[in-house]
Structures are given as structure tokens and as C-alpha cells.
Amino acid sequence: MGTATARETRASWVGQSVPRLEDEALLRGRGRFMDDLDPVPGAAHAAIVRSQLPHARITVDASAALDAPGVVGVLTGEDVRALSRPFPAGIDSPVPFYAAAVDVARYAGEPVAVVVARTRYEAEDAAELVEVDYDPLDPVLDPVAASETDACVHDRSFHYGDVDEALARADLVVHETFRFPRFSCTPVECYGVVADWDEAAGSLTAWANFQGPFTLHGVAAAALGLRGSRFRLLTPPDSGGSFGIKSSIFTYVVLIGLAARKLGRPVRWIEDRVEHLLGSASSTQRVTTVEAGFAHDGELLALRYDAIEDVGAYVRAPEPATLYRMHGSLSGAYTVRNVAARNRVVLTNTLPSGLNRGFGGPQLYLPLERTMAIAARRMGLDPADVARRNLVPAEEMPYRTPSGALYDSGDYAACLQQALELSGYERRRAEAAAARADGRLLGVGIACVVEPSISNMGYITLTQTAIERAQALPKSGNAEGALVTIDPLGGVTVRLGTTPQGQGHRTVCAQVVADELGIEPGEVTVLSEMDTQTVPWTVSSGNYSSRFSGVAVGAVQRAAAQLRAKVDAVREHLEEPELSLRRVAGSVHWNPAGLPEGMEPGLSVVAYWSAPNLDPPDAEDRVASSAAHGFIADVCAVEVEPETGEVRVLDYVTVHDAGRLLHPALADGQVLGGFAHGAGAALFERHVVDEWGNPMTASFVDYVTPTAPDLPTPRIGHRSTPSPFTALGAKGIGEGNTMSVPAAIANAVADALGRDDVELPLTAPRVWELLQRPPEGGGR
């Protein structure tokens, strides 16, 4: 066991790529995922009956199902309305959102009934006997058309600087509309819930592979009509990925909880893949019109956004957060001071949106970075020179954006230069030009994006005016708690509320604690399963906005440091500075009478850490929407096959400044995952409905995701300027490439084709069709 001297002389564990503590169990097939849990004896199995139409009045007849073998009971929309309340959301909506359709189904795949039986087979068979009578209604599918009707449920405008004046003096004004399609997360493991209602206590205990944020715990409790203390939520030790989508499971926790309540027995539900694609969540679809003014030398003078955000059939919490998460970064990585935005939220008869890796970043940076590339082409300038002309200078850090973000640190120009050199940018550009002269379609694109992490819980209140906010409880910050204990034999245990989904939180926490206590990471046990009744947590707890390395690590380090101080005080009191941690623990636990005067017995600390720079939005609608900001410079080279439209990524370089890297190998893993997710959005993935609103992508046959042979391995570079606003100087790194890659690939394809009207996803059929018609808005 370690001592103070060992701690002071040994190199830090943090910053090393130590073996992951999670991998031993996973590689042996001993992981414990949601479907491995059997927490309550006698749980019945649920099958969900879903709407076959996107918009219809419905009448449900479950009588035949109730007579089927093994059936325990059926929960209908009428039961849901009687037993629960509509889910609260960030904005008022004329359409109440319950856990199941009540009278009217508003998207294909919406739950209309839950059949519960002794076995899953019996439940599935009985679900087919539920008769649903449909009276079809016209679906709303086009978000632009919806924005001019009562389907538009939110409309706010923001102004920073003088956009009109800057546009008037611009040498070039780019005016373009960009569409970002709905895409999804497709984790290996789908949703799962086990719910147990305690009638005597009037409480619900639920197990689910939920990822947070735990603001949604309160949303679910409100829908259930329960105080938070009467709703206990637990998560499994392991999760088969999420990337954002498992935040939306809270609606199914409520649905299965209501079934357990009605039927008086525990109920279990495990989602299949078709259900997941039909009824879980997707990203928002956004249509953004950009008006941008440039000086003749490429300086960006003004930006005006008009964004129409399609959140699907309901405003499901935390929406419309996708639209506001990036608000502080409307100016991107650039020094432009004149920025305006109009934000509209519309409802369509499609799957409700939710968290998806990048969460608002892809939807912002596609139009912004395409605009920068279009401007460069129209002015005859190199896109890299235009970017360099506008990047926030290192000497201006920390830099306050017009809309309120505080960019903490970084040398953006140096990152871009490193990416250009690593990619051989000048050579690539020359090769592409020569190839195009020979009839081949090669192109090079860049993207420069700021990656925010550690979301300010108050940014969503920008949906309100300053006057409305002044009349309500202020919201701000992002905090996390952690528990660190030392047992009588010197064993160290950490409990987390970060609900990891495979990122390696246990490993990094063990490194942090090992550094503080002078031991090895392998001597630290980290328990990552969440339990809202026993684990320290806050409303901002959970796994989202790349907050772990900045906030959660801060809480763990603080708790471990407080324990270390107590251990050192005991050593000093016993006049044994080299006393092992095990001996100190034994002394504290077995001989509390021998502790220094005034010292409490025990070796257990709960500590919290909060980002120090996240205030509520101000009276001018400025907000530091995130605490830390990394930077990414990407260079992409592609070739387009003119006869088929196939896009091949020839090379991809990405350079990151994520502050201090706590575990470099895990950081690179996050970059690789973000790259694949972003490339999926750029080249493969899109939720599609037909003209009547029926889903066309309800399996992996039709919803195509990239596989390993489809993409090159990106070449990764790093720079490090630690953040002054996080405990260890780290910034998030898990979402940035999902933000940058769609823009960089789109820019490269546009360069290859010599036209501005490229639209995601750039699948082979869509690109081929594009090649058959003349360019819209400009071409080479």
C-alpha cells in the first residue's frame, strides 16, 4: 500500500494509457448488461403494441389479448392518461406528451398499448391480438411548411452586434439554405427496463440502461406523479453503448412502471432492433438558412441564421436543447462580432428527437463550415486561408463570443497548421486539381470547429425572454458528486453517478484516486452502476456533453484529496509518516478513540465539483453554454466515382486540442468513434419516411451504417492547452468529430464536384442524381 513519500516521488498515473479496468470482465464475457439483470423475482414480460400509422385517431380493443394464454394484463393509452401526467418539457406545447398515445397516434411506432404476460413469447403473441382501429389524419412531414402553421411551437430571435450594417458593407454575401437530416446512434445494446411498483409505499423502483442527464429523473417522476424520493432509478454495471440515445429511455421507464403499477407485479421489457429504430429517438432535422457577409480578403463580417428545428411528434425533454446547446458558439471558431439567429421549433409526425452524439454541433457546423468554403470558392481564395484569417487568436484567450461563450484556451491557428502539414494539404490540393483536369473527381475539404463540453444547465432557459427568466428560478452550472471510501483493510472504493456507456470512466477514476492516495490504479475499485438512493448525484449527473473528464473527475479528485488529507493527518498524529494506507485505515476504523482531537471517525468522503464559469443567461441573452471548449481542425480528401456516385474517403486528418489528456489511448478511441459516427451522418445514415409518413428505415437493411471496410482510419494529431476551468485541465473529446466530419466531408465532395448544392447524406444514389442535374447556387 502506498505512502505519502511514494505519492510524491512516483510519476502521475493520470496521463498514462494504462490498461482499462473494464476490459477483464468484458473480454471474458462476464459483463453485466441490462438483460443480464434479474433484480426482482417473478417479473412478467412486456410487449409493446405500436401505431402502424403516423397520424390517426385510434381506438384500442385489447379483449382478445386478455384472453390469450399467459397474459397478465394490458395497459392502454386510457390507463396511461388515468395513472400519469404529461411529460414536462423546456417549452410549452399544445400537444400533451404521454408515455403512450392517448386518442391520437402522432408517429408510426408510437406505443398504443402494453401487453404483459408470463413469458416474452406469450406477450408477443398476445400483442398481435390487440385490435387498433385507425381513423387516418393528414400527416405533417415538411418542417419548412410546418414553420408557417400552428405546428411551430417556438419562435425566438437573437441579435448581437449590428448584422444589417455589416452585411451592407460586405464585399460578398453568401445566402444559402442547408438541411441536416435525422440520423441516429444505433448502439449494440437497445433499451431495457425492469419496473417494480410498491403499492404500500406508493413508490417505483426501476432498473434501466439510462445514461442521464438526471434532470430527466425529475421529468419522469413528474409524469408518474411522484416525489423524487419515491422514484428509485438504478442502472446496470455495463452498457452496450449509447452515444446519447439512451437518455430517451425515460419515457419507457414511465410506461413500464405504469404497467407494473396497474398489474401489481414487476414487469420486464427488452427492446428489439426494429423497435429501436422505430420508437427510441433520433437527432433533430434542421433546416438552416445562412446569410454571411465577407470582406474581399476573406474576413467574416456578419452571420445570420434562420433555423427551423424539427423535433418530431412531441417536444420530449430535454428538447429543444439541441437547438440551444451550441448557442454560445454561434460564431464557431471565428472572431466575427455581428451575429443574429432566429430559432423556430416545429412538430412533425415523425419519431421524437433526443440526445445524439454532437447534440446540436453537427446541425450548426454543417451550415457554418459550408458557408466558409462557399465564400472561399466564390472569392477565389484557399479555404485554409479564409479559416486562418478568421480564427480566434491564441493571445485573446479566454475569448468571449458575441453570444456569450467563454472559450477557455487554445491556439486554433497552430492546430490548423498542424492538420495542414500532417495531411500534406498543398500536395493534396494540387493532386485534386490535376485529377479533375483528367476527368477524375477528387476534392479536399477542411473544417474548423470548437467542441464545447460540460453543458450549462441554464442554457435551455434561452427559450424564455429575459423578463420571463427573471420571474423564474435561475438555472446555471453543471455539478457532479462522487463517493470515495477506504475500508478497514485499506481497500479503496469509488462510487460514480456518471453512468458510463463504455468510455472507460472506471479506469480514469482509478488513475485519479491512485495519484491522490499514492497507490496503483489496480488497487481501486470503481462502482459505476447508478442508484439514485445511494450514489451522490445532482440534476446534471450523467453521461452527456463530454462532461466526465472536466466535472466528474473533479469530484473524484476532490473526494480523494480530502481523504488523503485525513490519512496524512493520522500519520502525523501517530508520528509515522511512512505508515501504509492499510495500517492507517485499520487504526481509524478499529481505534477511533486514538484519532486526533476533533477528527471524525471513518474514512469516507462525498464531494461535489461544479464548473466555475457557468452563470445563468444574462439580460442580453448571452450565455456561457458550456464550461470548456476544445478545438478541432480536420482535413479530408475524397474521390467521387462519376458513374455510380460513390464517395470514397481517401484520407482523413484530425488534430485536437482537448486540454490535458487524462488517458491518451481512451482519448484516441473517442476520436475514432466520433469520426465513424460523423462519417455515418455524412455518407450513410438518414431516417426516411415516405410521402404518408411511414418509416422506410426500420432495419439495418435500409438504415445503413458504416462498417470498418467503409472508412479509412483517421490520422490523429494532438495539441494541449489545459483548461483553466476544469480540475485537471481536461476538456471533452468524445463528440467533436461527429460535429466536424459531416462538414469536412461535405466540403471535400463539393470541391470534387465543383458545386455548392451538396446535401447529406452523400450516398451513392443521391450523389449520382446530383451529377445528373445542373448546379444550384453556383459551380466551377
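The rules behind the values
Residues numbered from 1 in each chain as written. Predicted model: local features only at pLDDT ≥ 70, side-chain atom pairs only at ≥ 80, totals over all residues. Heavy atoms only, no water. Helix = DSSP H or I, 4+ residues; strand = E, 2+ residues; numbered from the N terminus. Rg over C-alpha atoms; globule rule 2.2 N^0.38 Å. Buried < 20%, exposed > 50% of the residue type's maximum accessible area, 1.4 Å probe, protein only. Contact = heavy atoms within 4.5 Å. Areas by Shrake-Rupley, 256 points an atom, 1.4 Å probe, with all protein chains shown as cover. Lys, Arg positive; Asp, Glu negative; His and termini not counted. Charge placed at Lys NZ, Arg CZ, Asp CG, Glu CD. Pairing = 2+ DSSP bridges. Axes fitted to C-alpha atoms, helices over the stretch in contact; angles between N-to-C directions. Polar contact = N/O pair within 3.5 Å; in protein donor to acceptor, adjacent residues only side chain to side chain. Salt bridge = Lys/Arg side-chain N within 4 Å of Asp/Glu carboxyl O. Core = buried A, V, L, I, M, F, W, Y, C linked by side-chain atoms within 4.5 Å. Domains from an automatic or database assignment. Phe/Tyr/Trp six-rings, centres within 6.5 Å; stacked < 30°, edge-to-face > 60°. Buried area = accessible area lost by both parts, 1.4 Å probe. Nonpolar A, V, L, I, M, F, W, Y, C, P; charged D, E, K, R; others polar. Arc of directions from axis to C-beta. Parallel < 35°, antiparallel > 145°, perpendicular 65-115°, else oblique. Left-handed = near helix turned anticlockwise from the far one by under 90°.

1. Notes on the overall build of the protein chain
Here comes step 1: Along the protein chain, the regular secondary structure elements total 22 helices and 25 strands.
Here comes step 2: Against the compact-globule benchmark of 28 Å for 780 residues, the protein chain has a radius of gyration of 27 Å, which places it among compact chains.
Here comes step 3: Here the protein chain holds 780 residues, and 62% of them are scored as buried.
Here comes step 4: In the protein chain, once contacts between residues fewer than 6 apart in sequence are set aside, the share between residues at least 24 apart is 83%.
Here comes step 5: For the protein chain, the computed accessible surface area is about 28,300 Å², with 51% contributed by carbon and sulfur atoms.
Here comes step 6: Taking the average location of the 67 positive side-chain charges in the protein chain and that of its 98 negative ones, the two points are 2 Å from each other.

2. Side note on the sheet that holds strand S22 (residues 604–610)
Here comes step 1: The sheet built from 4 strands is open, its strands ordered S21-S20-S19-S22 with mixed pairing. Bordering the open sheet on either side are strand S21 (524–527) and S22, each of which pairs with just one other strand. The average undirected angle you get between the axes of adjacent strands in this sheet is 20°.
Here comes step 2: Where strand S19 (residues 479–486) lies against S22, 7 bridges are found, and the strand directions are antiparallel. Following the sheet pairing, Gly 481 is matched in S22 by Tyr 608.
Here comes step 3: Along the sheet face, helix H17 (residues 505–517) touches S19, strand S20 (492–496) and S21 and points at about 140° away from the line of S21.

3. Some details on the sheet that holds strand S8 (residues 172–180)
Backbone-to-backbone hydrogen bonds join strands into a sheet, with any given pair of strands oriented parallel or antiparallel.
Here comes step 1: Taking strand neighbours across the sheet as the criterion, the 5 strands line up as S7-S15-S14-S13-S8 in an open arrangement whose pairing is mixed. Across the chains shown, the open sheet's two edge strands, defined by having one partner strand only, are strand S7 (152–160) and S8. For this sheet, the mean angle separating the axes of adjacent strands, direction not counted, is 10°.
Here comes step 2: In the sheet, strand S13 (residues 285–294) pairs with strand S14 (residues 300–310) via 10 bridges, with the strands oriented antiparallel.

4. Some details on the side chain of Arg 344
Here comes step 1: Checked against the element boundaries, Arg 344 lands in strand S15 (residues 338–346).
Here comes step 2: There is a polar contact of 2.9 Å between the side chain of Arg 344 and the side chain of Asp 306.
Here comes step 3: If we ignore the near neighbours within four places in the chain, the residues touching Arg 344 are Ser 147, Glu 148, Cys 152, His 154, Asp 155, Asp 306, Ala 307, Ile 308, Glu 309 and Leu 323.

5. Remarks on the pattern of salt bridges
Here comes step 1: Enumeration according to the criterion identifies 44 salt bridges in this entry.
Here comes step 2: Taking the shortest distance from any N to any O, the salt bridge between Asp 621 and Arg 156 comes out at 2.9 Å. A residue pair is termed long-range when its members are at least 10 positions apart, and Asp 621 in the loop between S22 and strand S23 (626–640) and Arg 156 in strand S7 qualify at 465 residues. Accessibility assignment for this pair places Asp 621 and Arg 156 in one class, buried.
Here comes step 3: Between Arg 427 and Glu 431 there is a salt bridge, with its nearest N and O atoms 3.2 Å apart. Note that Arg 427 and Glu 431 are positioned in helix H15 (residues 425–437) at a spacing of 4 residues, about one turn of the helix.
Here comes step 4: For Arg 427, a relative accessible area of 44% gives the class partly exposed.
Here comes step 5: Via salt bridges that share partners, Glu 176, Arg 377, Arg 378 and Asp 756 belong to a single interconnected network.

6. A look at the nonpolar core
One recurring pattern in soluble globular proteins: nonpolar side chains tend to sit buried together.
Here comes step 1: Residues Val 114, Phe 231 and Leu 255 are the most contacted members of the largest nonpolar core, which totals 74 residues.
Here comes step 2: Here this core gets 9 residues from one element, more than from any other, and that element is helix H9 (residues 250–263).
Here comes step 3: Looking at which domains feed residues into this core, each of domain 1 (2–31 + 479–610) and domain 2 (43–137 + 189–279) gives three or more.
Here comes step 4: In contact with Val 114, not counting residues within four places along its chain, are Ala 46, Ala 47, Ile 48, Gly 73, Val 74, Leu 75, Leu 255, Ile 256 and Ala 259.
Here comes step 5: Counting residues in hydrophobic clusters, the runner-up holds 53 residues, among them Leu 303, Ala 384, Leu 420 and Val 450.

7. Describing the environment of Asp 35
Here comes step 1: Position of Asp 35 among the secondary structure elements: in the loop between helix H2 (23–27) and strand S1 (44–50).
Here comes step 2: Owing to a relative accessible area of 48%, Asp 35 belongs among the partly exposed residues under this scheme.
Here comes step 3: In this view, Asp 35 contacts Arg 268 and Ile 270; residues no more than four positions away in its chain are not counted.

8. Observations concerning unusual backbone geometry
Here comes step 1: A cis geometry characterises the amide bond from Ala 317 onward to Pro 318, with omega recorded as 10°.
Here comes step 2: Following the sequence through the fold, Pro 318 ends up in the loop between S14 and helix H11 (321–324).
Here comes step 3: A cis amide bond links Leu 760 with the next residue in sequence, Pro 761, at an omega value of -10°.
Here comes step 4: Its location among the elements puts Pro 761 in the loop between helix H21 (736–753) and helix H22 (764–771).
Here comes step 5: The phi dihedral of Ser 546 is positive, around 45°, even though this residue is not glycine.
Here comes step 6: Relative to the helices and strands, Ser 546 resides in the loop between S21 and helix H18 (548–574).
Here comes step 7: Taking the relative accessible area as the measure of exposure, Ser 546 reaches 17% and is therefore buried.
Here comes step 8: Its identity is not glycine, yet Asp 621 carries a phi of approximately 65°, on the positive side.
Here comes step 9: Taking relative accessible area as the criterion, Asp 621 reaches 11% and is therefore assigned buried.

9. As for the packing of aromatic side chains
Here comes step 1: Applying the stated criterion across every chain yields a total of 13 aromatic pairs.
Here comes step 2: Seen in terms of ring centroids, Tyr 407 and Tyr 412 are 6.4 Å apart; in terms of plane orientation they differ by 50°. Their pairing is tilted.
Here comes step 3: When its relative accessible area of 1% is taken as the criterion, Tyr 412 is described as buried.
Here comes step 4: An aromatic cluster is present here, built from Phe 87, Phe 97, Phe 250 and Tyr 314 joined pairwise through their rings.

10. Quick notes on the domain arrangement of the protein chain
Here comes step 1: The domain boundaries assigned to the protein chain delineate domain 1 (2–31 + 479–610), domain 2 (43–137 + 189–279) and domain 3 (395–456 + 624–771).
Here comes step 2: The C-alpha centroid of domain 2 is placed 37 Å from the C-alpha centroid of domain 1.
Here comes step 3: Between domain 1 and domain 2, the residue contacts involve 20 residues of the former and 20 residues of the latter.
Here comes step 4: Both sides together, the interface formed by domain 1 and domain 2 hides about 1,500 Å², and carbon and sulfur atoms give 50% of it.
Here comes step 5: At the junction of domain 1 with domain 2, the criterion picks out 1 salt bridge.
Here comes step 6: Here Arg 232 and Asp 531 are joined by a salt bridge, their closest N and O atoms 2.5 Å apart.
Here comes step 7: Taken together, the links from domain 1 to domain 2 amount to 10 residue pairs in polar contact (both at pLDDT 80 or more).
Here comes step 8: Considering only residue class, the side of domain 1 that touches domain 2 consists of 6 nonpolar, 12 polar and 2 charged.

11. Focus on the environment of Pro 452
Here comes step 1: Positionally, Pro 452 belongs in strand S18 (residues 441–455).
Here comes step 2: Each C-alpha atom, one on Pro 452 and one on Glu 735, is 8.8 Å from the other, the two residues being 283 residues apart in sequence.
Here comes step 3: In this view, Pro 452 contacts Arg 325, Met 326, Ser 626, Ala 628, His 629 and Met 739; residues no more than four positions away in its chain are not counted.

12. Points about helix H13 (residues 383–390)
Every α-helix winds through 3.6 residues per turn, so residues three or four apart in the chain are directed the same way.
Here comes step 1: Inspection of H13 places Pro 383, Ala 384, Val 386, Ala 387 and Asn 390 among the buried residues, and these make up the whole buried set. For H13, the buried positions fall inside an angular range of 160° around the axis, keeping them on one side.
Here comes step 2: Packing partners of the buried residues in H13 comprise S14, helix H12 (361–379), helix H14 (412–423), H15 and S18.
Here comes step 3: Where H13 begins, the side chain of Asp 382 points an oxygen toward the backbone nitrogen of Ala 384, at a separation of 2.8 Å.

13. Brief notes about the packing of H12 against H21
Here comes step 1: Running from N to C, H12 and H21 cross one another at 30°; their axes reach a closest spacing of 8 Å. In terms of orientation, H12 lies roughly parallel with respect to H21. At the point where H12 passes H21, the crossing takes the right-handed sense. Touching Gly 361, Pro 362, Tyr 365, Leu 366, Glu 369, Arg 370 and Ala 373 of H12 are Thr 738, Met 739, Pro 742, Ala 743, Ala 746, Asn 747 and Ala 750, all from H21.
Here comes step 2: Looking at the contact of H12 with H21 residue by residue, the classes come out as 9 nonpolar, 3 polar and 2 charged.

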